[in-house]
Amino acid sequence: MGIVVQKYGGSSVADVEKIMKVARRIVDCKKSGNQVVAIVSAMGKTTDNLIKLAGEISSSPPKREMDRLLSTGEQISMSLLAMAIDSLGEKAVSLTGPQAGIRTDSKYSKAKIVNIVSNRLKKELENDNIIIIAGFQGETEEHDITTLGRGGSDTSAVSVAAALNADLCEIFTDVDGVYSCDPRIVPNIRKLSAVSYDEMLELALLGAKVLHPRSVEVGKTHGVEIHVRSSFSHDIGTIVKKEVLDMEHDGLITGIAHDKDVAKVVIFGVPDTPGTAAKILKALADENINVQMIVQSAQIKNINDIAFTCSSDEAREAANILEKIGEEIGAERVVINENIAKVSVVGAGMMTHSNIASRMFSSLGENDINIDLISTSEITISVTVDIEQCEKAVRVLAEDFELVN
């Protein structure tokens, strides 16, 4: 008998009919001789509706209270799923994140899991219970409820799998695996049978919505293989693991990610003095704003411009911070551009092939797609383009790098 951890996203438990299908799937897994722990997201658009409701009360609700509010969505789906399993004749117990022993730091809305006290989980498994856990949440040392940010149920699942030394961690979603790029943009794109942690992490960070980046980090750190598959079929999906055999990984590029939820923030006229860039970035980090691509212009008369990208919903907060810093350091002005998108190519093949960047830029240029910012890493090249040209850029690159079936 092995321990199987499964995660079901919001679309998988969106209504009663789907909840019953998930319940039958979990029961089948149990009857196959496994101990089962399931992590669930909130039903359908529940989280969005709760955010909208809070917005009708306050334009800037306290983050602590938002976490308390948003945590209720997963608690509804966990209870209904436990009831569904009980109606099928199996024992089930539902647990909130805190009841499951998930301990986090106190960064409301973006909390990170510090550790999982697994005593309760092990006890319930010993009692032959199927465990249903509310994803996306935990608690601080002061017993305040926290949430892990959008997509945090993935992180909950992989973390629980690591804590229990589970034999398998399955992430059930509304797609049947990880594709080389978004199949809604390129319909005949290739599905990956396997992908390495490093490549999946880059894809997730750069806009691929299949897995939350922090779940991949946890999987890599603790050696948890992750099976991404559809909750609407029994097809084999994509395995995320440490290494990928050459026969599964025969291309230069593994995938193309795109992100339309991005903005460029520029602070103009920054004095070129030691420590200025650090002061700017520290102010952003102190407010938990995740800065992505960073570009500093060439120095002109001891003055620089510093540009970076961040998520669209953090752009205004980032600009407010920079305006305050700008007054202190004597910068000129701050400008936001939300009419951009980020397009990235990812692949371990970049480490041994030097022509990927020129090939990428040539493809975009030949198709009249203008590039704004550029950033690179060992296995990634990212550019920003006009948001209206984002999908065209993805299609062009998918064809050029032969990712299409």
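The structure we're discussing is the one just above.
Summary of the structure given here. (Residues numbered from 1 in each chain as written. Predicted model: local features only at pLDDT ≥ 70, side-chain atom pairs only at ≥ 80, totals over all residues. Heavy atoms only, no water.)

To continue, consider the overall build of the protein chain. Of regular secondary structure, the protein chain possesses eleven helices and 20 strands. On C-alpha atoms alone, the protein chain measures out to a radius of gyration of 22 Å, which is about the 22 Å that the 2.2 N^0.38 rule sets for 405 residues. With the C-alpha coordinates of the protein chain rotated into their principal frame, the extents come out at 75 × 50 × 35 Å. The buried share among the 405 residues of the protein chain stands at 52%. Considering only contacts in the protein chain between residues 6 or more positions apart, those separated by 24 or more positions represent 75%. Of the side-chain charges in the protein chain, 42 are positive and 58 negative, and the distance between the mean point of each set is 3 Å. (Helix = DSSP H or I, 4+ residues; strand = E, 2+ residues; numbered from the N terminus. Rg over C-alpha atoms; globule rule 2.2 N^0.38 Å. Buried < 20%, exposed > 50% of the residue type's maximum accessible area, 1.4 Å probe, protein only. Contact = heavy atoms within 4.5 Å. Lys, Arg positive; Asp, Glu negative; His and termini not counted. Charge placed at Lys NZ, Arg CZ, Asp CG, Glu CD.)

Bringing empty space enclosed by the protein into the picture now. Per the counting criterion, the structure on display carries one cavity of 30 Å³ or more. The volume enclosed by the largest cavity comes to roughly 30 Å³. Looking at the largest cavity, the residues that line it are S12, K18, K21, V22, S231 and F232. Residues belonging to the lining of the largest cavity are distributed by class as follows: two nonpolar, two polar and two charged. (1 Å grid on protein atoms, 1.4 Å probe; cavity = no way out; pocket = protein on both sides within 12 Å on 5 of 7 lines; lining within 4 Å. Points joined across faces, edges and corners; volume = space filled by probe spheres on them. Nonpolar A, V, L, I, M, F, W, Y, C, P; charged D, E, K, R; others polar.)

Turning our attention to the pattern of salt bridges. Taken as a whole, this structure holds 21 salt bridges when the rule is applied. Between D154 and K7 there is a salt bridge, with its nearest N and O atoms 3.0 Å apart. Of this pair, D154 sits in helix α5 (residues 152-163) while K7 sits in strand β1 (residues 3-8); the two residues are 147 residues apart in sequence, bridging distant segments of the chain. Taken individually, D154 and K7 each receive the classification buried, so the pair is uniform in this respect. (Salt bridge = Lys/Arg side-chain N within 4 Å of Asp/Glu carboxyl O.)

What the four strands build is an open sheet, ordered β15-β16-β14-β17; its pairing is antiparallel. In this open sheet, the two strands that pair with only one neighbour each are β15 (294-296) and β17 (333-337). If you compare each strand with its neighbour and ignore which way they point, the axes differ by 15° on average. Strand direction decides the pairing type here: β15 and strand β16 (residues 303-311), joined by three bridges, are antiparallel. The partner of Q296 across the bridge, within β16, is I306. Against the sheet, helix α8 (residues 276-286) makes contact with β14 (262-271), β15 and β16, and its axis sits at roughly 145° relative to β14, the strand it touches most. (Pairing = 2+ DSSP bridges. Axes fitted to C-alpha atoms, helices over the stretch in contact; angles between N-to-C directions.)

For the rest of this paragraph, the subject is the sheet that holds strand β18 (residues 340-346). Pairing in this open sheet of four strands is antiparallel, and the strands run β13-β18-β20-β19 from one edge to the other. Strands at the two margins of the open sheet, each flanked by one partner only, are β13 (255-259) and β19 (374-376). When strand polarity is set aside, the average angle formed by the axes of neighbouring strands in this sheet is 20°. Of the strands in this sheet, β18, β19 and β20 (380-386) are in contact with helix α10 (residues 356-366), which crosses β20 at around 15°.

Our focus in this paragraph is a nonpolar patch on the surface. Together, I76, L80 and M83 make up an exposed nonpolar region whose accessible area comes to about 270 Å². Examined against the element boundaries, I76 turns out to sit in helix α3 (residues 63-87). For I76, a relative accessible area of 43% puts it in the partly exposed group. (Patch = residues over 30% accessible without salt bridge, like charges linked within 9 Å, V, L, I, M, F, W, Y side chains within 5 Å. Areas by Shrake-Rupley, 256 points an atom, 1.4 Å probe, with all protein chains shown as cover.)

Turning our attention to unusual backbone geometry. Phi angles above zero are rare outside glycine, and F136 is one such case at about 75°. Its location among the elements puts F136 in the loop between β6 (130-134) and β7 (137-139). For F136, a relative accessible area of 7% puts it in the buried group. Positive phi outside glycine occurs at N288, with the angle close to 65°. Note on placement: N288 falls in the loop between α8 and β15.

In short, geometric facts, not functional conclusions.
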